[in-house]
Amino acid sequence: AKELQGAVTIIVLGASGDLAKKKTYPALFGLYRNGFLPENVHIVGYARTKMDHEEYLKRVTQYIKVGVDQDKLEEFKAIASYVSGQYDDDASYQNLDKFIQESETQRGIPSGRKNRVFYMALPPSVFIPVAKGLKRNVYAKEGSNRLVVEKPFGMDSESSNHLARELGALFTENEVSHWKRCAQEKLLLNCCSEIFSKIYRIDHYLGKEMVKNVMNLRFANVLFGHAWDRTYVDNVQITFKEPFGTEGRGGYFDEFGIIRDVIQNHLLQVLTLIAMERPISTDSEAIRDEKVKVLKCIQPIAIQDTLLGQYVGADGKPGYLEDETLKNKDSLTPTFAAVVCRINNERWEGVPFILKAGKALNEAKVEVRLQFHHVAGNLYGGSARNELVIRIQPNEAVYMKFNNKQPGLSYQTIQTDLDLSYHSRYAELSIPDAYESLILDVLRNDHSNFVRDDELDRAWKIFTPLLHKIDAHDSDVHIKPYAYGSRGPKELEDFVKKYGYHRDTKA
Ligand code: BG6
């Protein structure tokens, strides 16, 4: 599996933080274990905390599931180092640069191939100073530079554009044509002597197996290709449900709320893949061009097209306002939201896209559900509609609700499932973690599953007016209570019905 060659130093900034421990290092180990990191790789953790090598290794490997791979873990530890330093201090960065240069010399990396990936596992307050410090002091002068950054990308259009401008001045967005050629030929890090810098904005939902599958499903099946529009589809729901509250993250969450936390990014990304037109190729810019086009057709969401909620304690579980990490005990931040996007183009006019997400609900589930129109003049009476469901997690699956004659002597029509469940169909395969997939894309120089600056700008335009109303506690904003562990506010059923969803499952 050593398809990647060349040399790279991966610098994890914020190496002692939660994101690095829980996601970045386990993903790097997963890639290493399966032979997907370049042969000449060095991982350098950087953070403010002063700690020795042993302590660093203990911290960053605590969430790694090892199983039978103990030897691999020992090998992995041998390619990991730590440097401590400040986030706003040139001398600290110069020290980091010196450390990397010494390692590059020891590893015998020739000039032109001294590639660096900067993975910012950091809070947004330091994104800009860190990117500036890196550019001034640690930027590879004899290889490529890739900056990886993860949400939150601002709080609204204005703050996000500010961040985009600042980062864009340091790390470029667009492909350089011969880099594209290198990526196509999978020459990756080995190819050229010029200096490049690129930015990769992570939305980890784009690394999930079933999200990556949406394009294949749509564009490699003649059946779906033709039924995928307003003529056949009645309504679309994209649902995110978590069975736990904000426990321990109240401080962060209260500032953002559920719309900024998962809807404006993760669910909207899924929507764009479901709704976009067929790109002219699988080239990353061709894909992202189509995603931007569909975002441009979505009007800002009206407060009348939303249902907002906040969970209250039930069955011994604390309500949102009882969360110990929450500072504002009168908070009106929504922990549940259902919002309706309307896409004004030829394909989708009149088809509501309902995005709903909530914390502290009755189950863990993320899915896309396309509900088709009822059969006109149905010979068999009844009203059960076809539905195509893409279950993103847990238990990845694609299934279709369809109508079938009840087997046997009966002539009754019943609704049943055509079911492609991954755990039974692909039992021998283990599905990679989203972060593994995305880090590999960074190394392969493939931008398809990362958020482009104009895409981000459009995504914020859709939500900013609504968010400002919610933040200002406008008189039109009503936050409905729902019990911890329930399906959401009691108004939800009527809400989805209003936008065309039929629950009837009898044919
Ligand atoms: C994060 C949100 O972006 O996504 C969290 O900040 C949420 O609040 C998480 O829990 C969900 O990710 P996943 O991969 O567990 O579905």
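Bear in mind the structure is a predicted one, so any value in this text is a computation, not a measurement.

Caption draft 1: Broad picture of the overall build of the protein. In terms of helices and strands, the protein carries 15 helices and 15 strands. Radius of gyration (C-alpha) of the protein: 24 Å, near the 23 Å computed for a compact globule of 507 residues. Expressed as lengths along the three principal axes of its C-alpha atoms, the size of the protein is roughly 75 × 50 × 45 Å. Restricting to contacts in the protein with at least 6 residues of sequence separation, those with at least 24 account for 77%. Counting every atom, the protein has about 22,600 Å² of accessible surface; 50% of that belongs to carbon and sulfur.

Caption draft 2: Layout of the state of the cysteines. Summed over the entire model, instances satisfying the criterion amount to zero disulfides. Cysteine Cys297 is unpaired, with the sulfur of Cys341 as its nearest cysteine sulfur at 12 Å. Its relative accessible area of 0% is what places Cys341 among the buried residues.

Caption draft 3: Region of the structure containing the site of the ligand. Residues in contact with the ligand, as listed here, are Lys151, His204, Tyr205, Lys208, Phe240, Glu242, Arg249, Tyr252, Asp261, His266, Lys359 and Gln393. In the environment of the ligand, an oxygen atom lies 3.0 Å from a nitrogen or oxygen atom belonging to the side chain of Lys151. In the environment of the ligand, an oxygen atom lies 2.7 Å from a nitrogen or oxygen atom belonging to the side chain of Gln393. Relative to its free-state accessible area of 400 Å², the ligand is covered by the protein chains to the extent of 79%. A total of three residues in the shell around the ligand trace back to one element, the largest contributor, which is helix α10 (residues 250–275).

Caption draft 4: Broad picture of the pattern of salt bridges. In this structure the tally under the stated criterion is 36 salt bridges. Each of the salt bridges in this network shares a partner with another, and the network as a whole consists of Lys241, Glu363, Lys365, Glu367, Arg369 and Glu387.

Caption draft 5: Layout of the pairing of strand β10 (residues 352–358). Burial runs high along β10: seven of the seven residues are buried. Taking every second residue as pointing to the same face, both faces of β10 are buried, with Pro352, Ile354, Lys356 and Gly358 on one and Phe353, Leu355 and Ala357 on the other. Across six bridges, the pairing between strand β7 (residues 233–241) and β10 is parallel. Within β10, the residue paired with Phe240 across the bridge is Ala357. One ladder, built from seven bridges, connects strand β9 (residues 336–342) with β10; its direction is antiparallel. Looking at β10, one finds that Val340 is bridged to Ile354.

Caption draft 6: Fine view of the side chain of Glu150. Looking at the element boundaries, Glu150 is found in strand β5 (residues 144–150). Salt bridges are absent for the buried Glu150, whose nearest opposite-charge side chain, Lys151, sits at 6.5 Å. At a separation of 2.5 Å, a polar atom in the side chain of Glu150 contacts the side chain of Tyr435. Those residues in contact with Glu150, other than ones at most four positions away along the chain, are Leu19, Tyr119, Met120, Phe127, Ile202, His204 and Tyr435.

Caption draft 7: Region of interest: the sheet that holds strand β12 (residues 387–393). Pairing is mixed in the open sheet, where nine strands are placed in the order β14-β13-β12-β11-β7-β10-β9-β8-β15. Each edge of the sheet is formed by a strand with only one pairing partner; in this case those strands are β14 (413–421) and β15 (479–483). Each neighbouring strand pair of the sheet contributes to a mean axis angle of 20 degrees, computed without reference to strand direction. Bridging between strand β8 (residues 306–312) and β15 involves five bridges; their strand directions are parallel.

Caption draft 8: Local environment of helix α8 (residues 209–219). Of all the residues in α8, the buried ones are Met210, Val211, Asn213, Val214, Met215, Leu217 and Arg218. Buried residues in α8 make contact with α9 (222–227), α10, α11 (284–296), β12, β13 (397–405) and α12 (422–425).

Caption draft 9: Here's a closer look at the packing of helix α6 (residues 157–168) against helix α14 (residues 453–471). Two elements in contact, α6 and α14, have axes whose closest approach is 9 Å; the angle formed by their N-to-C orientations is 165 degrees. For the element pair α6 / α14, the angle class is roughly antiparallel. α14 is crossed by α6, and the crossing has right-handed handedness. When α6 is examined against α14, the residues Ser157, Ser160 and Asn161 are found in contact with a partner set consisting of Leu456, Asp457, Trp460, Lys461 and Thr464. Looking at the contact of α6 with α14, its residues break down into two nonpolar, four polar and two charged.

Caption draft 10: Expanded view of the environment of Glu436. If you trace the backbone, Glu436 turns up in helix α13 (residues 434–444). Each C-alpha atom, one on Glu436 and one on Tyr32, is 9.8 Å from the other, the two residues being 404 residues apart in sequence. Discounting residues that sit within four places of it in the chain, Glu436 has contacts with Ala27, Gly30, Leu31 and Asn34.

Caption draft 11: Summary view of the side chain of Arg452. Along the polypeptide, Arg452 turns up in the loop between α13 and α14. Accessibility expressed as a relative area gives 7% for Arg452, which makes it buried.

Caption draft 12: Fine view of the pairing of strand β3 (residues 80–84). For β3, a buried count of four out of five residues is recorded, marking the element as mostly surrounded by other parts of the structure. When strand β2 (residues 40–47) meets β3, the two strands line up parallel, connected through five bridges. Bridged to Ile43 within β3 is Ala80.

Caption draft 13: View of the confidence of the model for the protein. Here the protein averages 91 in pLDDT, while 93% of its residues score no lower than 70. Within the model, pLDDT remains below 50 along residues 186–194, and this stretch shows 30 contacts once partners closer than five positions in the same chain are excluded.

Caption draft 14: A look at the UniProt feature "domain: Glucose-6-phosphate dehydrogenase NAD-binding" (unreviewed entry) in the protein. Summarizing the sequence annotation, UniProt attributes the feature "domain: Glucose-6-phosphate dehydrogenase NAD-binding" (unreviewed entry) to residues 11–176 and 197–213 in the numbering used throughout. Split by type, residues 197–213 is 29% helix and 35% strand. Its first and last C-alpha atoms lie 29 Å apart.

Caption draft 15: Local environment of the packing of aromatic side chains. Going through the model one piece at a time under the given rule, you end up with 17 aromatic pairs. Ring geometry for Phe29 and Phe76: centres 5.4 Å apart, planes at 70 degrees, overall edge-to-face. With Phe29 in helix α1 (residues 18–33) and Phe76 in helix α3 (residues 70–78), the pair connects residues that are 47 residues apart, well separated along the chain. The exposure class assigned to Phe29 is buried, which follows from its relative accessible area of 1%.

Caption draft 16: Highlighting the packing of α10 against α11. Where α10 meets α11, the axes come as close as 9 Å, and the angle between the chain directions of the two elements is 100 degrees. By the criterion of interaxial angle, the relationship of α10 to α11 is roughly perpendicular. Contacts from Leu268, Gln269, Thr272, Leu273 and Ala275 of α10 reach α11 at Lys291, Val294 and Leu295.

Caption draft 17: Representation of helix α5 (residues 127–137) in the model. All buried positions along α5 are accounted for by Phe127, Ile128, Val130, Ala131, Gly133, Leu134 and Asn137. Against the buried residues of α5 lie β1 (7–13), α4 (90–106), β4 (115–120), β5 and α6.

Cut-offs applied
- Residues numbered from 1 in each chain as written.
- Predicted model: local features only at pLDDT ≥ 70, side-chain atom pairs only at ≥ 80, totals over all residues.
- Heavy atoms only, no water.
- Helix = DSSP H or I, 4+ residues; strand = E, 2+ residues; numbered from the N terminus.
- Rg over C-alpha atoms; globule rule 2.2 N^0.38 Å.
- Contact = heavy atoms within 4.5 Å.
- Areas by Shrake-Rupley, 256 points an atom, 1.4 Å probe, with all protein chains shown as cover.
- Disulfide = S-S within 2.5 Å.
- Buried < 20%, exposed > 50% of the residue type's maximum accessible area, 1.4 Å probe, protein only.
- Near = heavy atom within 4 Å.
- Polar contact = N/O pair within 3.5 Å; in protein donor to acceptor, adjacent residues only side chain to side chain.
- Salt bridge = Lys/Arg side-chain N within 4 Å of Asp/Glu carboxyl O.
- Pairing = 2+ DSSP bridges.
- Lys, Arg positive; Asp, Glu negative; His and termini not counted.
- Axes fitted to C-alpha atoms, helices over the stretch in contact; angles between N-to-C directions.
- Parallel < 35°, antiparallel > 145°, perpendicular 65-115°, else oblique.
- Left-handed = near helix turned anticlockwise from the far one by under 90°.
- Nonpolar A, V, L, I, M, F, W, Y, C, P; charged D, E, K, R; others polar.
- pLDDT = per-residue confidence, 0-100.
- UniProt positions renumbered as here; feature names shortened; annotations may be inferred.
- Phe/Tyr/Trp six-rings, centres within 6.5 Å; stacked < 30°, edge-to-face > 60°.

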